Amino acid sequence: MCGIVGYVGARDSSPILLDGLRRLEYRGYDSAGIAICAPDGTIQIRKSEGKLAKLVESLNGGAPRGTLGIGHTRWATHGAPNDTNAHPHGDCTGRLAVVHNGIVENYDELRSELRAQGHKFVSETDTEVLAHLIEDAAKRVHSTDKPRLAAAVADALRRVRGTFAIGVISLDDPG
Ligand code: GLU
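Residues numbered from 1 in each chain as written. Predicted model: local features only at pLDDT ≥ 70, side-chain atom pairs only at ≥ 80, totals over all residues. Heavy atoms only, no water.

1. Examining the overall build of the chain
Here is the rule we go by: Every helix listed is a DSSP run of H or I at least four residues long, and every strand listed is a run of E at least two residues long, numbered separately from the N terminus. Based on C-alpha atoms, the radius of gyration is set beside the globule rule, defined as 2.2 Å times the residue count to the power 0.38. Only protein chains enter the area calculation, which uses a 1.4 Å probe; residues under 20% of their type maximum are buried, those over 50% are exposed, and those in between are partly exposed. We call two residues in contact whenever any of their non-hydrogen atoms come within 4.5 Å of each other.
Of regular secondary structure, the chain possesses five helices and seven strands. Counting helices and strands in the order they occur from the N terminus, the chain gives β-α-β-β-α-β-β-β-α-α-α-β. Here the C-alpha radius of gyration of the chain, 15 Å, is about what a compact globule of 175 residues would show, namely 16 Å. Along the longest, intermediate and shortest principal axes, the C-alpha atoms of the chain span 40 × 35 × 25 Å. Of all 175 residues assigned to the chain, the portion counted as buried reaches 47%. Long-range pairs, those at least 24 residues apart, make up 66% of the contacts in the chain between residues at least 6 apart in sequence.

2. Some remarks on the pattern of salt bridges
Test applied: Counted as salt bridges are all cases of a side-chain nitrogen of Lys or Arg within 4 Å of a carboxyl oxygen of Asp or Glu.
Under the counting rule described, the total for this entry stands at nine salt bridges. Arg-23 is the salt-bridge partner of Asp-19, the closest N and O atoms lying 3.1 Å from each other. With a gap of four residues between them, Asp-19 and Arg-23 both fall in helix 1 (residues 13-24), about one helical turn apart. Residue Asp-108 is joined to Arg-111 by a salt bridge in which the shortest nitrogen-to-oxygen separation is 3.7 Å.

3. A word on the site of the ligand
The line we're drawing: Definition of nearness: a residue and a molecule or strand are near each other if at least one heavy atom of the residue lies within 4 Å of the molecule or strand. In protein, a polar contact means a hydrogen-donor-capable atom and an acceptor-capable atom, both N or O and within 3.5 Å, with residues adjacent in sequence counting only if both atoms are side-chain atoms; elsewhere, any N or O pair within 3.5 Å suffices. The accessible surface values rely on the Shrake-Rupley method and a 1.4 Å probe; as for residues, cover is taken only from the protein chains in view. We call Asp, Glu, Lys and Arg charged. Ala, Val, Leu, Ile, Met, Phe, Trp, Tyr, Cys and Pro are nonpolar, and the rest, Gly among them, are polar.
Near the ligand lie 14 residues; those nearest to it are Arg-74, Thr-77, His-87, Gly-102 and Asp-126. Within the side chain of Thr-77, an N or O atom sits 2.6 Å from a nitrogen atom of the ligand. Within the complex, the protein chains bury 98% of what would otherwise be the 300 Å² of accessible surface of the ligand. Elements supplying a minimum of two residues to the shell around the ligand: strand 4 (68-74) and strand 6 (96-104). Counting residues per element, the shell around the ligand draws most heavily on strand 6, which supplies three residues. When the residues that make up the shell around the ligand are grouped by side-chain class, the tally is three nonpolar, nine polar and two charged.

4. Remarks on the side chain of Thr-127
Assignment of secondary structure puts Thr-127 in the loop between helix 3 (107-116) and helix 4 (128-140). Note on Thr-127: relative accessible area 1%, which makes it buried. When near neighbours in sequence (up to four residues on either side) are disregarded, Thr-127 contacts His-87, His-89, Val-98 and His-100.

5. Thoughts on helix 2 (residues 52-59)
To keep things clear, this is the line we draw: Directions drawn from the helix axis to the C-beta atoms are what define this arc.
Inspection of helix 2 places Leu-52, Leu-55 and Leu-59 among the buried residues, and these make up the whole buried set. Buried positions in helix 2, seen along its axis, are confined to an arc of 60 degrees and lie on one side of it. Residues of helix 2 that are exposed and point more than 90 degrees away from the buried face comprise Ala-53, Glu-57 and Ser-58. Residues of helix 2 that are buried make contact with helix 1, strand 2 (31-37) and strand 3 (43-49). Positive backbone phi, at 50 degrees, marks Asn-60, one or two positions downstream of helix 2.

6. Observations regarding the sheet that holds strand 5 (residues 89-90)
What counts, and what does not: The pairing criterion is simple: DSSP has to find at least two bridges between the two strands.
With antiparallel pairing, the three strands of this open sheet are ordered in space as 5-6-7. Edge positions in the sheet fall to strand 5 and strand 7 (162-170), since each of these pairs with one other strand and no more. As defined by bridge partners, strand 6 adjoins strand 7 across nine bridges and the pair is classed as antiparallel. In the strand pairing of strand 7, Asn-101 is matched with Ala-165.

The following block contains the structure:
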């Protein structure tokens, strides 16, 4: 079973996320990753197939800094356990990132629809459709709707069948 951890606050998030993922290791997983809203206005994603120790080693002491982030340990259901399919997953703009526990049952149909609209997919996962659906929904949500990200996520999830828990961060709604 996968694990999800998130942090928003005043502290640097990566040590908190990595510690949270360490505590979830007992659940079993095949890959791990983190996404952080960095001070330079980008979302920095680091992920790796294999154990959390491998991800930490690949960071080489240089984890992205930032006070908002999400982390994930994956148990693959759709797509091989590899670096590309590991979570978090981004949208086309790189302005949001998603982690997901569970299965999007209608991902195939949603992916075809989103591809036809011009969305580019990089992984084999069912999860990636969530990032692109939220990207689309965010365009429809009014800027006066607060919190805007929550409204976009709720709108996107109306299209989704399955059982899931998700974590989402967005540069456009960093709270
Ligand atoms: N279905 C998703 C995937 O294969 C999430 C699996 C999980 O719950 O870790 O990436």
